[in-house]
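# Tertiary structure, described
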Amino acid sequence: MPYIATTSNVSISGRKKEAIKERMGKAIEIIPGKTEGWLMLSFRDNVSMYFKGDDEPCAIMQVKLFGTADEQAYAELTEALTDIIREELDIDPDRIYVAYEEINTWGWNGGNL
């Protein structure tokens, strides 16, 4: 049950959202047991954001996982997600954050897992 929310101060066209969706769908498989079949994504673009004191292009991805993963998997996913945003939105890697949250209880289909 992974969820990735991408927030940025740049515009993300429909075509770019589709490309990012496809690539994140593959990247999530870096985390053992996670697949695109359970991946939920959201995008917020053109947000008023400042990083390092200015409003140059920047982004944050918030990754929520049901369960846990090891540090190596997180490191690989961070690299993959950063590459996706760098390549698709032309944002420098040093202006991209990736935040992780492990969730112990996740609701779905009217119940909890």
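This text gives an overview of the structure that appears in the document. Model, not experiment: these values are computed from the prediction.

## A closer look at the packing of aromatic side chains
Summed over the entire model, instances satisfying the criterion amount to three aromatic pairs. Taken together, a centroid distance of 4.9 Å and an interplanar angle of 80° make the contact between Trp38 and Trp108 edge-to-face. Highlighted residues: Trp38 in the loop between α1 (14-27) and β2 (40-44) and Trp108 in strand β5 (residues 107-108), separated in sequence by 70 residues. A centroid spacing of 4.4 Å and a plane angle of 40° characterise the contact between Tyr74 and Tyr100, whose relative ring orientation is tilted. With a gap of 26 residues between them, Tyr74 in helix α2 (residues 71-89) and Tyr100 in strand β4 (residues 96-103) connect regions that are remote in the sequence.

## Looking at a negative patch on the surface
Judged by side-chain charge, Asp70, Glu71, Glu76, Glu79 and Glu102 come together as a negatively charged surface patch. Here the element with the most residues in the negative patch is α2; it accounts for three residues. Examined against the element boundaries, Glu71 turns out to sit in helix α2.

## Concerning the environment of Glu102
Within the secondary structure, Glu102 sits in strand β4. Taking the relative accessible area as the measure of exposure, Glu102 reaches 37% and is therefore partly exposed. Sequence-distant contacts of Glu102, that is, excluding residues within four places in its chain, are made with Leu65, Gly67, Thr68, Ala69 and Tyr74. At a separation of 3.4 Å, a polar atom in the side chain of Glu102 contacts the main-chain amide nitrogen of Ala69. Within the local environment of Glu102, its side chain forms a polar contact with the side chain of Tyr74, the two groups lying 2.5 Å apart.

## As for the nonpolar core
Formed by 25 residues in total, the largest nonpolar core has its most connected members in Ile4, Met24, Met61, Leu81 and Ile85. Taken together, the elements giving at least two residues each to this core come down to α1, β3 (59-66), α2 and β4. Counting residues per element, this core draws most heavily on α2, which supplies eight residues. Contact partners of Met24, with chain neighbours within four places excluded, come to Ile4, Thr6, Leu39, Leu41, Met61, Leu81, Ile84 and Ile85.

Rules of the game
Residues numbered from 1 in each chain as written. Predicted model: local features only at pLDDT ≥ 70, side-chain atom pairs only at ≥ 80, totals over all residues. Heavy atoms only, no water. Phe/Tyr/Trp six-rings, centres within 6.5 Å; stacked < 30°, edge-to-face > 60°. Helix = DSSP H or I, 4+ residues; strand = E, 2+ residues; numbered from the N terminus. Patch = residues over 30% accessible without salt bridge, like charges linked within 9 Å, V, L, I, M, F, W, Y side chains within 5 Å. Areas by Shrake-Rupley, 256 points an atom, 1.4 Å probe, with all protein chains shown as cover. Salt bridge = Lys/Arg side-chain N within 4 Å of Asp/Glu carboxyl O. Lys, Arg positive; Asp, Glu negative; His and termini not counted. Charge placed at Lys NZ, Arg CZ, Asp CG, Glu CD. Buried < 20%, exposed > 50% of the residue type's maximum accessible area, 1.4 Å probe, protein only. Contact = heavy atoms within 4.5 Å. Polar contact = N/O pair within 3.5 Å; in protein donor to acceptor, adjacent residues only side chain to side chain. Core = buried A, V, L, I, M, F, W, Y, C linked by side-chain atoms within 4.5 Å.

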